[in-house]
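Chain by chain, the residues:
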Amino acid sequence: MKTKIAIVGAGPSGLLLGQLLHKAGIDNIIIERQTPEYILGRIRAGVLEQGTADLLREAGVSERMEKEGLIHDGFELAIGGRLEHIDLKKLTGGKTVVVYGQTEVTRDLMNARKACGAQTIYQADNVAIHDMKSAAPYITYEKDGVTQRIDCDYVAGCDGYHGVSRKSIPADVLTEYERVYPFGWLGVLADTPPVHDELIYAQHERGFALCSMRSATRTRYYVQVPMTEKVEDWSDERFWDELRQRIPAEQAAKLVTGPSIEKSIAPLRSFVVEPMQYGNLFLLGDAAHIVPPTGAKGLNLAASDVNTMYRILCKVYQEGRTDLLEKYSEICLRRIWKAERFSWWLTSMMHDFPENDAFTKRMQQTELEYFVGSIAGRTTIAENYVGLPYEAVE
Ligand code: APR
Ligand code: PHB
């Protein structure tokens, strides 16, 4: 087989890049290890920056998001047992976010790809990337016991943190930056009405909690837990009790509980690899960077990488300009590091770090009080939450 862009991974990064390229008439094939059902079984975050929503519109996959997505003009920080409203719209000159689950974004992208007939190879084993330093890279994989080969111009490594793309680059050309946090998030999905009309990020001495939602009848709640906790030890009742203790009394009294549909513990990590290019292989999304979920930046950062890669590839195929390819990594990384900073900062402010001494705990509380008590402080939180601007590709 032959294509222009071989895309490894059918998560949101790979599917969105594939859809945009297809619309622009740039031929591509997606090679994925799992089945579509497996991918759609993963519950991930659900806050889309305006730039992400706009890119989904440009890709022609926004119909259901426009109908079912919830536009949020703000969110709440719960500190010291009270709610502090962050008015995103007012503080950012009119910007908002859309609450719409990543799983639904992925489903919409998969349906669009099926409808337009673009090729996706699912359940591809032993995917390997070859000759990426040459002008003729190729991919091999096994399907039903037979080895296949795809020749291409460029490879888009959209295969997540555990994928093969980053691992195919010689270790001595990469620098990895990493922080692993000593706790995780225990998340519960339930068919209950949201406790509040906006998201609540709660700081509490028992640990962080987040009240999020998927719709007017479906909620997603999280509590910070030590990584040593086991999900089996958390009955629904224990989860609801813990959540109730960590949110302000007024909301706790209103909390509607119900049986969990999904319950899991996710670790928190900050990770960046530099550079994001090796010859004709480019890394996008979780393959190149991970953020802790506190700022809801994971999917949004993936979308901004896709935006950059897509615009560069349009220049390559429509104008014959290949000079921008070597700018890909630096353009992406400037924005990535700023989102890493915000995610790290919000994580550091909102969580309980058992190793922090009494002075550090007071500093943490005071920093939060200072930020929410100042227009400048609220503005910096808001402008990061709605997403920093994309850099022009020209
Ligand atoms: N060969 C083929 N496919 C692979 C391989 C491999 N060796 N390894 C991984 N994959 C696939 C995975 O099965 C997965 O479907 O690549 C896909 C990567 O998808 P994601 O992990 O969702 O990564 P990405 O598309 O970059 O999405 C980023 O997902 O994890 C969240 O917070 C993150 O919201 C962000 C978004
Ligand atoms: C979610 O709805 O799952 C969610 C929302 C906001 C976050 C993280 C997760 O910051």
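This text gives an overview of the structure that appears in the document. The numbering scheme is per chain: residues are counted from 1 as the chain's sequence reads. Chain letters and ligand numbers both follow the written order, the letters beginning at A and the numbers at 1. Note on the predicted model: pLDDT of at least 70 is required for a residue's local features to be given, and 80 or more for side-chain atom pairs to be given and counted; whole-chain, interface and lining totals, by contrast, use all residues. Side-chain metrics in this entry use all non-hydrogen atoms of the structure; hydrogen atoms and water are not considered.

Section: the site of ligand 2
Let me state the cut-off plainly: Only heavy atoms are used to decide nearness, and a residue is near a molecule or strand if one of them lies within 4 Å of it. Side-chain atoms alone can form a polar contact between residues adjacent in sequence; in general such a contact is a pair of N or O atoms within 3.5 Å, and within protein one must be able to donate a hydrogen while the other accepts it. Method for areas: the Shrake-Rupley scheme with a 1.4 Å probe, in which residue coverage is limited to the protein chains shown. In this classification, Asp, Glu, Lys and Arg are treated as charged, Ala, Val, Leu, Ile, Met, Phe, Trp, Tyr, Cys and Pro as nonpolar, and every other residue, Gly included, as polar.
Taken together, 15 residues surround ligand 2, and among them Tyr201, Ser212, Arg214, Tyr222 and Pro293 come closest. Arg214 is positioned with one of its side-chain polar atoms (N or O) 2.7 Å from an oxygen atom of ligand 2. At a separation of 3.3 Å, an oxygen atom of ligand 2 approaches a polar backbone atom of Thr294. When ligand 2 is considered free in solution it has 280 Å² of accessible area, and contact with the protein chains removes 99% of it. Here the residues of the shell around ligand 2 sort into nine nonpolar, three polar and three charged.

Overview of the state of the cysteines
The following threshold applies: Sulfur atoms of two cysteines make up a disulfide when they are within 2.5 Å. For the exposure calls, accessible area comes from a 1.4 Å probe over protein chains only, and a residue counts as buried if that area is under 20% of its type's maximum, exposed if over 50%, partly exposed in between.
Applying the stated criterion to the full structure yields zero disulfides. You can see Cys158 has no disulfide; the closest cysteine sulfur is in Cys332, sitting 11 Å from it. Of the residues examined, Cys158 reaches a relative accessible area of 6% and is grouped as buried. With no disulfide of its own, Cys314 lies closest to Cys332 among cysteine sulfurs, the gap being 15 Å. Judged by its relative accessible area of 9%, Cys314 is buried.

Notes on the nonpolar core
Put simply, the rule reads: For this analysis, a nonpolar core means a set of buried residues of the types Ala, Val, Leu, Ile, Met, Phe, Trp, Tyr and Cys, connected via side-chain atoms within 4.5 Å. Under the scheme used here, helices are H or I runs from DSSP no shorter than 4 residues and strands are E runs no shorter than 2 residues, and both carry numbers assigned from the N terminus.
Leu16, Leu17, Ile31, Ile139 and Leu284 are the most contacted members of the largest nonpolar core, which has 76 residues in total. Looking at which element gives the most residues to this core, the answer is helix α9 (residues 298-319), with ten residues.

Looking at the sheet that holds strand β15 (residues 209-213)
We apply this condition: Strand pairing follows a simple DSSP-based rule, namely that at least 2 bridges must link the two strands. The criterion used for residue contact is that any of the two residues' heavy atoms lie within 4.5 Å. Between N-to-C directions, angles cover 0 to 180 degrees, with each direction set by a line fitted to C-alpha atoms, over the stretch in contact for helices.
On the basis of which strands lie adjacent, the open sheet formed by eight strands has the order β6-β5-β14-β15-β16-β13-β17-β20 and mixed pairing. Bordering the open sheet on either side are β6 (82-87) and β20 (289-290), each of which pairs with just one other strand. Bridge count for strand β17 (residues 260-274) against β20 is two bridges, and the pairing is antiparallel. Residue pairing in the sheet places Phe271 in a bridge with Ile290 of β20. Here helix α7 (residues 236-246) sits on the sheet in contact with β13 (175-190), β14 (200-202), β15, β16 (219-226) and β17, set at roughly 85° to β16.

Structural notes on the sheet that holds strand β7 (residues 97-99)
The antiparallel open sheet is built from three strands, whose spatial order is β3-β7-β4. Looking at which strands have only one partner, the edges of the open sheet turn out to be β3 (47-48) and β4 (70-72).

Overview of the site of ligand 1
Every one of the 24 residues lining ligand 1 counts as a neighbour, but Ser13, Glu32, Arg44, Gln102 and Asp286 are closest to it. Measuring from an oxygen atom of ligand 1, one finds a side-chain N or O atom of Arg42 at 3.1 Å. Relative to its free-state accessible area of 710 Å², ligand 1 is covered by the protein chains to the extent of 90%. Counting only elements with at least two residues in the shell around ligand 1, the list comes to α1 (12-23) and α9.

Let's talk about the environment of Glu237
In this structure, Glu237 sits in helix α7. By relative accessible area, which is 60% here, Glu237 ends up exposed. Along the primary structure Glu237 and Val146 are separated by 91 residues, whereas in three dimensions their C-alpha atoms are 49 Å apart.

Quick look at the pairing of β16
The buried fraction of β16 amounts to seven of the eight residues, a majority that puts the element mostly inside the structure. Where β13 lies against β16, eight bridges are found, and the strand directions are antiparallel. Bridge pairing in β16 places Ala190 opposite Thr219. Direction of pairing for β15 relative to β16: antiparallel, over a ladder of five bridges. By the bridge assignment for β16, Leu210 is matched with Tyr222. Count of turn residues in the β15/β16 antiparallel hairpin: five residues.

Overview of the packing of aromatic side chains
Using the following cut-off: Any two of the Phe, Tyr and Trp rings considered here, Trp counted by its six-membered ring, make a pair once their centres fall within 6.5 Å; the pair's planes then place it as stacked at under 30 degrees, edge-to-face at over 60, or tilted in between. Over a ring means this: the NZ of a Lys or the CZ of an Arg is within 6 Å of the ring centre and within 35 degrees of the ring normal.
Applying the stated rule across the entire model yields 17 aromatic pairs. When the centroid spacing of 5.3 Å and the interplanar angle of 85° are considered together, the rings of Tyr177 and Trp337 count as edge-to-face. Taken together, the positions of Tyr177 in strand β13 and Trp337 in helix α10 (residues 328-350) put the pair 160 residues apart, joining distant regions of the chain. A relative accessible area of 36% places Tyr177 in the partly exposed class. The interplanar angle of 25° and the centroid separation of 5.2 Å between the aromatic rings of Trp185 and Phe208 together place this pair among those described as stacked. Here Phe208 lies in the loop between β14 and β15 and Trp185 lies in strand β13, a separation of 23 residues in the sequence. Chaining the aromatic ring pairs together yields one cluster made of Phe75, Trp185, Tyr201, Phe208, Tyr222 and Tyr385. Across from the ring centre of Trp234, 3.7 Å away, lies the NZ or CZ of Arg238, which sits over that ring.

Some remarks on the packing of α1 against helix α6 (residues 102-116)
Where we set the bar: If an angle is under 35 degrees, it is roughly parallel; if it is over 145, roughly antiparallel; if it lies from 65 to 115, roughly perpendicular; otherwise it is oblique. By convention the crossing between two helices is left-handed if the near helix lies anticlockwise of the far one by an angle smaller than a right angle, and right-handed if it lies clockwise.
At their nearest, the axes of α1 and α6 sit 9 Å apart, and the two run at 40° to each other. The angle between the axes of α1 and α6 places the two elements in the oblique class. Between α1 and α6 lies a crossing of left-handed hand. In this structure, α1 contributes Pro12, Leu15, Leu16, Gly18, Gln19 and His22 to the contact, and α6 contributes Gln102, Thr106, Leu109, Met110, Ala112, Arg113 and Cys116. Across the contact of α1 with α6, the residue classes break down as seven nonpolar, five polar and one charged.

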